[in-house]
Amino acid sequence: VAAEVLAGLRYRMAPDNPNLWLQLGPRWRGADFAAMAEARGVLVSAAESFAIVPGATDPAIRLSLTESDRHRLRRGLETLVDLLREGPGPLTFQM
């Protein structure tokens with residue numbers, strides 16, 4: 001399912017591993033993407049939360065493919081693809 005839905009996107013996945021790393025591109029921060037995905041009902045982890053050195057990762061997310069309902073997995077992956085294609089939106093300043 002993942003290979004079909006994510007076709008054309010940059011991702012890495014090891015055989016026999018239920019996790020996948022999806023590259024986001026330079027306009028994204030992993031934490032921002034993860035928050036926006038969660039707001040749409042999809043939970044993912046930002047790559048920076050796994051980094052030993054802050055800022056040492058490319059913008060990416062880790063997602064689990066362990067959902068046993070293939071239809072639900074497909075919907076979640078399609079939600080992530082839609083979000084990725086929409087882009088992060090304008091930058092905002094926060095204090």
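Below, the structure is looked at part by part. (Residues numbered from 1 in each chain as written. Predicted model: local features only at pLDDT ≥ 70, side-chain atom pairs only at ≥ 80, totals over all residues. Heavy atoms only, no water.)

### Details of the overall build of the protein chain
Next up, step 1: Secondary structure assignment for the protein chain yields 3 helices and 4 strands.
Next up, step 2: Sequence-ordered secondary structure for the protein chain, helices as α and strands as β, is α-β-β-α-β-β-α.
Next up, step 3: Principal axes of the C-alpha set define a box for the protein chain whose edges measure 40 × 25 × 20 Å.
Next up, step 4: Looking at the 95 residues of the protein chain, the share that counts as buried comes to 32%.
Next up, step 5: When contacts within the protein chain are restricted to residue pairs at least 6 apart in sequence, long-range pairs at least 24 apart make up 60% of them.
Next up, step 6: Summed over all atoms, the accessible surface of the protein chain reaches about 6,600 Å², with 52% contributed by carbon and sulfur. (Helix = DSSP H or I, 4+ residues; strand = E, 2+ residues; numbered from the N terminus. Buried < 20%, exposed > 50% of the residue type's maximum accessible area, 1.4 Å probe, protein only. Contact = heavy atoms within 4.5 Å. Areas by Shrake-Rupley, 256 points an atom, 1.4 Å probe, with all protein chains shown as cover.)

### Here's the deal with the packing of aromatic side chains
Next up, step 1: One pass over the full model with this rule turns up 2 aromatic pairs.
Next up, step 2: Judged by centre distance (5.4 Å) and plane angle (80 degrees), the ring pair of W21 and F50 falls under edge-to-face. With W21 in strand β2 (residues 19-23) and F50 in the loop between β3 (45-46) and β4 (60-64), this residue pair connects regions lying 29 residues apart in the sequence.
Next up, step 3: Since its relative accessible area comes to 25%, W21 is described here as partly exposed.
Next up, step 4: Among the residues examined, F50 registers a relative accessible area of 39% and is labelled partly exposed.
Next up, step 5: Ring geometry for W28 and F33: centres 4.9 Å apart, planes at 80 degrees, overall edge-to-face. You'll find W28 and F33 in the same group, each marked buried. (Phe/Tyr/Trp six-rings, centres within 6.5 Å; stacked < 30°, edge-to-face > 60°.)

Take it as geometry only, folks, not as evidence of what the structure does.
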